[in-house]
Amino acid sequence: MIDTALLTPHPALTVLAGGDAAGGEGTPIFMILMFGLLALFIFATWRRSRKMREDVRKANEGAVLGAEVVTAGGIVGRVVHRDDERQRLTLEFSNGDRADFLLQAVQQIIEPVEQEPDVDQLDTDQPDADPTAADDTDSR
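Procedures and definitions
- Residues numbered from 1 in each chain as written.
- Predicted model: local features only at pLDDT ≥ 70, side-chain atom pairs only at ≥ 80, totals over all residues.
- Heavy atoms only, no water.
- Pairing = 2+ DSSP bridges.
- Helix = DSSP H or I, 4+ residues; strand = E, 2+ residues; numbered from the N terminus.
- Axes fitted to C-alpha atoms, helices over the stretch in contact; angles between N-to-C directions.
- Contact = heavy atoms within 4.5 Å.

## Considering the pairing of strand E4 (residues 98-102)
Regular strands place their side chains on alternate faces of the sheet.
Reasoning step 1: With five bridges connecting them, strand E3 (residues 88-92) and E4 associate as antiparallel partners. The partner of Leu91 across the bridge, within E4, is Ala99.
Reasoning step 2: Linking two consecutive strands that pair antiparallel, namely E3 and E4, is a turn of five residues; a positive phi of about 95° is found at Gly96 within it.

Spelled out as structure tokens, the structure:
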């Protein structure tokens, strides 16, 4: 014979699930709470993965010739060749050795390369100063 005490849920579990201790139907608060937590977890995971993709994209764009980069394995080197078609980088290390890496292996840009300023972005309000001109300040 089967013991029916084993088949009935514990009263504390019934209360947590939204029912009362007598086993009646309760409010669906527990289910709403579970779905809310699931939605919060999915949203947090989506935001984190989007941020990581953006960081990888910035690192890939910054890995230009002359930039010092860190790979996923923690290897530090300077970019000496970039092949966008094959998605490869050639890094040169401090001892002069070189190695090829996938572009996606770049995780961080340590020393970005200075880009040439655009002519449109130059400040035209400043007058051109002649570095060979005499200093007009009085030194009294």
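More follows now that the structure is in view.
## Describing the sheet that holds strand E5 (residues 106-111)
Reasoning step 1: Strand order in the open sheet formed by five strands is E4-E3-E2-E1-E5, and the pairing between neighbours is antiparallel. Two strands lie at the open edges of the sheet, namely E4 and E5, each paired on one side alone. In this sheet, neighbouring strand axes are inclined to one another by 45° on average, regardless of whether the strands run parallel or antiparallel.
Reasoning step 2: Sheet analysis places strand E1 (residues 68-71) next to strand E2 (residues 76-83), joined by three bridges and oriented antiparallel. Note that in E2 the partner of Val70 across the bridge is Val76.
Reasoning step 3: Sheet strands touched by helix H2 (residues 29-62): E2 and E5. Its angle to E5, the strand with the most contacts, is close to 55°.

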